[in-house]
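# Breakdown of the fold
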Amino acid sequence: MKNPATEDESYLRLELSRRLQSFARASTFSLLTSIATIAVLTGAYASGENAWMLFGWAGIAALLVLARFHLGRSILQPDSSLASLRRDWRRTNWLLSLGSTNWAIGLVLAAWVGQDRTPDVFAAIGGAMLTNVLLLHRTTPAAAGVHALAIASALIAAEAIAVGWSAWPLMLLIALLAFSLFAAIRIQDRQFVKACRIEHKQQETEKTVRLLLNEHEAQAADWLWTISDQGALREVSSRFADVIGLRVEDLEGRHFLSLIEPGFERDRLRHFIENGVA
């Protein structure tokens, strides 16, 4: 009977591996778009005496994007232990949450630095960053919550700075969108966990079948022996010798028919051997 603790550990390894694989793929796909978004936001609003603040933010944001890409490339080494997977999972969530917080700061900063500019650009970028939760955070529900809350709060604050509280319908829409996205992530995560459990169950079933087949083959091999054209025993297994009650050395080369009591079956086998019938 399998140890429940071992089964839990194997399932956790599978689930964390799948979550980290999803993050690793997303961090690669989003690299260029993230850098481009930083460049567009900075270029559109970095003006005046406070432009250096936005440039400073852009540098930090770019470093976080590169760190995210590097983490995605370095995790999931072959045969990673559960402790290693958990460590990578914590690093992933912290880095994603830090990136979301930094983006929230950048959106508010862009609205403040570029108050004389149209808010359309950061509104569009903010909306894109908000829906980005479906790509980068789709298997990290905790970081997805931080992302949705941080970006939505930043967009509302940026709208208040750029337009004023008269834009409350848009602010309400942003809040509803953030809530809907987070709810969608939670539903998707439940489906993800269900899929992982199905995969794990299939893997465990395959392992059980493989073990049974290997055991059957091993037991069958213990009984194997061969017979020469003249009927002499060859390659006698120790288990067969134990059952017969003789040593392997005593059976090697001995005529097979000598182990069978005289009678019809013995004569029938002799006929098969002498005539080469398999």
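What you are looking at is a predicted structure, and each value in this text was computed from that prediction instead of being measured. (Residues numbered from 1 in each chain as written. Predicted model: local features only at pLDDT ≥ 70, side-chain atom pairs only at ≥ 80, totals over all residues. Heavy atoms only, no water.)

### Let's talk about the pattern of salt bridges
For the structure shown, the criterion picks out five salt bridges. Across the pair R18 and E199 runs a salt bridge, and its minimum N-O distance is 2.5 Å. Here R18, found in helix 1 (residues 4–29), pairs with E199, found in helix 8 (residues 168–222); they are 181 residues apart in sequence, far enough to count as distant. For R18, a relative accessible area of 24% puts it in the partly exposed group. With its nearest N and O atoms 2.9 Å apart, the salt bridge here joins D88 to R91. Of the two residues, D88 and R91 both sit in helix 4 (residues 82–113), three residues apart, roughly one turn of that helix. Take R91: its relative accessible area is 39%, and that puts it in the partly exposed class. One connected set of salt bridges, linked through shared partners, spans E15, R19 and D189. (Salt bridge = Lys/Arg side-chain N within 4 Å of Asp/Glu carboxyl O. Helix = DSSP H or I, 4+ residues; strand = E, 2+ residues; numbered from the N terminus. Buried < 20%, exposed > 50% of the residue type's maximum accessible area, 1.4 Å probe, protein only.)

### Observations concerning the confidence of the model for the chain
The share of residues in the chain with pLDDT of 70 or more is 87%, and the mean pLDDT across the chain is 81. Overall, residues 1–5 carries pLDDT values under 50, and its contacts beyond four positions in sequence, including any with other chains, amount to three contacts. (pLDDT = per-residue confidence, 0-100. Contact = heavy atoms within 4.5 Å.)

### As for the nonpolar core
Grouped burial of nonpolar side chains is what soluble globular proteins tend to show. Formed by 30 residues in total, the largest nonpolar core has its most connected members in I38, L41, L54, W57, W103, L107 and I151. At the level of secondary structure, the elements contributing two or more residues to this core comprise helix 2 (31–45), helix 3 (51–74), helix 4, helix 5 (120–131), helix 7 (141–162) and helix 8. Excluding residues that lie within four positions of it along the chain, W103 makes contacts with S34, T37, I38, L41, W57, I125, M129 and I151. Counting 15 residues, the second largest nonpolar core, distinct from the first, contains F23, L64, L95 and L136. (Core = buried A, V, L, I, M, F, W, Y, C linked by side-chain atoms within 4.5 Å.)

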